Amino acid sequence: MLDKNGFDLWADGYDKTVGVSDEENTYPFAGYRDVLGSIFQCIMEKQNATVLDIGFGTGTLTTKLYEHGCSIYGQDFSSRMIELASEKMPCSHLYQGDFTKGLVEPLRNQCYDFIVATYSLHHLIDKQKISFLHTLCDCLKENGKILIGDVAFENRDKWNQCRQEAGDEWDDEEIYFVADELRSAFPNLTFKQVSYCAGILTLTH
């Protein structure tokens, strides 16, 4: 698993790395643009939405939201990622922090129309995911939504199938989402499969 320094080193080439995997329809980023596009369209249904992005990276998604009038808040592990994103979104509210330890205090004191996490929360073990998602639910406005785009599967059989197909490329240190295993904690969770290895999980407040 990458540490903070690893993310800082990867920051400048991140978008290219993701793009190649998406274009070639290969694990782990097959469907990446469709995932981000679907989340973008969902958020655009509410004018001037307030959005919190967890692990926003270089701001690929949040920059588009920012340009379309959203108020952007965010937390990321990497100071270099924050630097790159801040150049694109000078009036955003971006904070450095390790989300495995929760939200930084300034972000806990806000309420959001949408909370998004794209290709970030797979760094949390399942127990941490559940705890963190409960925390995020408490930060939603009425009818607000958590939108998670990531390597994700409806059930463990689909997870296993992708793991076998990925072979040596599979990353055993990533803890990917399995929707039906989260529904005991979040019965209203919905899941949309976007590619053979990516999907969008939605929680509505």
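Residues numbered from 1 in each chain as written. Predicted model: local features only at pLDDT ≥ 70, side-chain atom pairs only at ≥ 80, totals over all residues. Heavy atoms only, no water.

(A) Expanded view of the pattern of salt bridges. Applying the stated criterion across every chain yields a total of 7 salt bridges. Residue D113 pairs with K141 through a salt bridge whose shortest N-O separation is 3.7 Å. Placement of D113 in strand β4 (residues 112–118) and of K141 in strand β5 (residues 140–150) is noted, with a sequence separation of 28 residues between them. When its relative accessible area of 32% is taken as the criterion, K141 is described as partly exposed. (Salt bridge = Lys/Arg side-chain N within 4 Å of Asp/Glu carboxyl O. Helix = DSSP H or I, 4+ residues; strand = E, 2+ residues; numbered from the N terminus. Buried < 20%, exposed > 50% of the residue type's maximum accessible area, 1.4 Å probe, protein only.)

(B) Molecular detail of the packing of aromatic side chains. On inspection of all chains with the given rule, the structure shows 9 aromatic pairs. A centroid spacing of 6.2 Å and a plane angle of 85° characterise the contact between Y27 and Y176, whose relative ring orientation is edge-to-face. One end of the pair, Y27, is in the loop between α2 (14–23) and α3 (32–44); the other, Y176, is in the loop between α8 (156–166) and β7 (177–178), and 149 residues separate them in sequence. Put simply, the rings of Y27, W159, W170 and Y176 pair up and form one aromatic cluster. The ring of F177 has K129 sitting right over it, with the charged end atom 4.9 Å from the ring centre. (Phe/Tyr/Trp six-rings, centres within 6.5 Å; stacked < 30°, edge-to-face > 60°. Lys NZ or Arg CZ within 6 Å of the ring centre and 35° of its normal.)

(C) Spatial organisation of unusual backbone geometry. Omega for the bond connecting Y27 with P28 falls within 30 degrees of zero, at 5°, which places this linkage in the cis form. In this structure, P28 sits in the loop between α2 and α3. For N25, which is not glycine, the phi torsion reads 55° and is therefore positive. For N25, the location among the structural elements is in the loop between α2 and α3. The phi torsion at Y119 lies on the positive side, around 55°, for a residue other than glycine. Mapped onto the secondary structure, Y119 falls in the loop between β4 and α7 (126–137).

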